[in-house]
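What follows is the residue order along each chain.
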Amino acid sequence: CGGPLCNSPFGSRDSPSVCSQHAVMPETSESCEDTSGCDWVAGAWSACSNTCGQGTKTRAVQCSTGSESDCVKAGNLWNKPAKDSECTDFSSCTWIYTPWSSCSQQCGSGVTTRL
């Protein structure tokens, strides 16, 4: 139970001890490799590299086994998620302006400007 059976050339079963005296027991397991279930794992996106306009965000992308070649063998090279992407963030934008100019009139209503 749980291993190879020992058969005589005449079809009867012998005890494993008889077989081991006359023949090498076959292996009961061997190494194998199957990459068909390998897939890409993408991490969370980083913050945008620019907080006032267009920038780039990045993330880690790796094969589920940790070996990129396994996902390539599985035929998933074309399904690999992007590691970086364009982004836009305006959270830190501020106005930059000059001081007010002198009034356009020295006596009465006028206009003052700034850039």
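## Let's talk about the side chain of Asn76
Next up, step 1: Mapped onto the fold, Asn76 is located in the loop between helix 2 (68-73) and strand 4 (84-89).
Next up, step 2: Classification of Asn76 by relative accessible area gives buried; the value is 13%.
Next up, step 3: Beyond its immediate stretch of four places on either side in the chain, Asn76 contacts Cys38, Asp39, Trp40 and Cys71.

## Considering the packing of aromatic side chains
The geometry of an aromatic ring pair comes down to the distance between the two centres and the angle between the two planes.
Next up, step 1: In this structure the tally under the stated criterion is zero aromatic pairs.
Next up, step 2: Sitting over the face of the ring of Trp45, Lys57 holds its NZ or CZ atom 5.0 Å from the ring centroid.

## A look at the side chain of Thr35
Next up, step 1: Here Thr35 lies in the loop between helix 1 (16-22) and strand 1 (40-42).
Next up, step 2: In this view, Thr35 contacts Asp70, Lys73 and Ala74; residues no more than four positions away in its chain are not counted.

Cut-off values and rules
- Residues numbered from 1 in each chain as written.
- Predicted model: local features only at pLDDT ≥ 70, side-chain atom pairs only at ≥ 80, totals over all residues.
- Heavy atoms only, no water.
- Helix = DSSP H or I, 4+ residues; strand = E, 2+ residues; numbered from the N terminus.
- Buried < 20%, exposed > 50% of the residue type's maximum accessible area, 1.4 Å probe, protein only.
- Contact = heavy atoms within 4.5 Å.
- Phe/Tyr/Trp six-rings, centres within 6.5 Å; stacked < 30°, edge-to-face > 60°.
- Lys NZ or Arg CZ within 6 Å of the ring centre and 35° of its normal.

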